[in-house]
Amino acid sequence: MRVLGLETTCDETAAAVVELKASGGGLILSNEIYSQTAEHAPFGGVVPELAARAHVEHLDVLMDRAVTGAGLRYGDLDAIAAAAGPGLIGGVMIGLTMGKTVALATGKPFIAVNHLEAHALTARMTDNVRFHYLLLLVSGGHTQLIAVKGVGDHLRLGTTIDDAVGEAFDKVGKLLGLPYPGGPHVERKALTGDPQRFALPRPMLGRPNADFSLSGLKTAVRLTVERAGPLTQTDVADLCASFQAAVVDVIADRTRAALKAFREKVGAPEALVVAGGVAANESIRRGLQRLAQAAGLKLVTPSPALCTDNGAMIAWTGIERLRLGLVDDFAFAPRPRWPLDPDAERALNGKA
Ligand code: KG4
Ligand code: ZN
């Protein structure tokens, strides 16, 4: 079984072909990506209109390269999968329309993929992780703790009530005059900094639910910067280290709370899985490793290239759905908002 996957929900244009291995995991036959980071950098964030234009410009070429690079023709594919949300509407429309068009032209099944589910299922492609497991998804747009129980079967145990973790890293980077996106730069500066120099808050620590709140921490960094006056390189490094240490503590505490909820609501998890761009952060990985070890759990972190947005995760989710007969028709509309667990979303919004 071989599926083409298209990803266009944010600022990465990506196409990949993945094959189902006899052992159950996925073999990535090709994985093409065009990162638009440089185009958005002058604006300090993703500009939706620029993103949509870049997707249009690059998607067809990347898709062709993914298919030929896999040593295939379009007719050899078993299905076409495209991310249908959540994400920026312009990009989602482009990938979804392209996916439907190729499916129509080849007569192959079409599969509309939830981008968040794709992050959630990546560990099954890379490490053959069995259901049920706890997923910590930490990226620039998302911060969620999810019990992944099966394909299309997810229970959200926690989410951020304000900023995403990556967003907080990026805002702190901006405050300290570091290039965009700030996350990797904050981590690099933190290497030489003193994590104890600034006493920053750990929001939500000890709360029984597994929700996150990052905006207070970001504000505390801003106030510290304002109070300190002109910053020396040492100040910047110490602030980065202190901020990162606070984030590590918050993530460990919130994940611990989610593990407890998981055991109560679902049972014993098979693994703790981390995904999203922030999962590239070594301190956060080490913090989660300590937590997993204490809980007697295996920690699974797909490689950074597969933790961040990519086409392979969409193709893999296509495989997972295709083998269950879960295909979609051409009426499937783009979903800029598409929660993995609609019940949790309704509860958070006070509608349930
Ligand atoms: O998953 P991703 O590539 O894109 C989405 O947001 O969907 O994640 C990007 C985010 C950015 O906020 C970036 O600053 C953050 O991940 N990030 C990091 C690190 N590398 C990337 N944050 C902290 N430490 C890092 N090493
Ligand atoms: Zn993503």
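## So, the coordination of the zinc ion (ligand 2)
- The zinc ion (ligand 2) binds to the protein through His 115 (NE2), His 119 (NE2) and Asp 309 (OD), with metal-donor distances spanning 2.1 Å.
- In the primary structure, the donors to the zinc ion (ligand 2) are separated according to the pattern H-x3-H-x189-D. Placement of the pair is His 119 in helix α4 (residues 115-127) and Asp 309 in the loop between α10 (304-307) and α11 (311-322), with a sequence separation of 190 residues.
- Classification of His 119 as buried rests on a relative accessible area of 3%.
- On the basis of relative accessibility, which here comes to 14%, the residue Asp 309 falls in the buried class.

## Considerations on the site of ligand 1
- Among the 16 residues in the neighbourhood of ligand 1, the closest are listed as Gly 140, Asp 170, Glu 187, Gly 277 and Asn 281.
- A distance of 2.7 Å is found between a nitrogen atom of ligand 1 and a side-chain nitrogen or oxygen belonging to Glu 187.
- Contact between ligand 1 and Asn 281: a nitrogen atom at 3.0 Å from a side-chain N or O atom of the residue.
- Breaking the shell around ligand 1 down by element, the ones donating at least two residues are α5 (165-175) and α6 (182-190).
- Of the residues assigned to the shell around ligand 1, the class counts are four nonpolar, nine polar and three charged.

## Focus: the sheet that holds strand β9 (residues 272-275)
- Within the open sheet, the five strands sit side by side as β8-β7-β6-β9-β10. Their pairing is mixed. Each edge of the open sheet carries a strand with a single partner, namely β8 (153-159) and β10 (299-300).
- With six bridges joining them, strand β7 (residues 143-150) and β8 adopt antiparallel strand pairing. The residue bridging Val 148 from the neighbouring strand is His 154, located in β8.
- In the packing of helix α8 (residues 233-265) onto the sheet, contacts are made with β6 (133-138), β7, β8 and β9, and the angle to β6 comes to roughly 150 degrees.

Definitions and limits used
Residues numbered from 1 in each chain as written. Chains lettered and ligands numbered in written order. Predicted model: local features only at pLDDT ≥ 70, side-chain atom pairs only at ≥ 80, totals over all residues. Heavy atoms only, no water. Donors = N, O, S within 2.8 Å, 3.2 Å for Na, K, Ca; no water. Helix = DSSP H or I, 4+ residues; strand = E, 2+ residues; numbered from the N terminus. Buried < 20%, exposed > 50% of the residue type's maximum accessible area, 1.4 Å probe, protein only. Near = heavy atom within 4 Å. Polar contact = N/O pair within 3.5 Å; in protein donor to acceptor, adjacent residues only side chain to side chain. Nonpolar A, V, L, I, M, F, W, Y, C, P; charged D, E, K, R; others polar. Pairing = 2+ DSSP bridges. Contact = heavy atoms within 4.5 Å. Axes fitted to C-alpha atoms, helices over the stretch in contact; angles between N-to-C directions.

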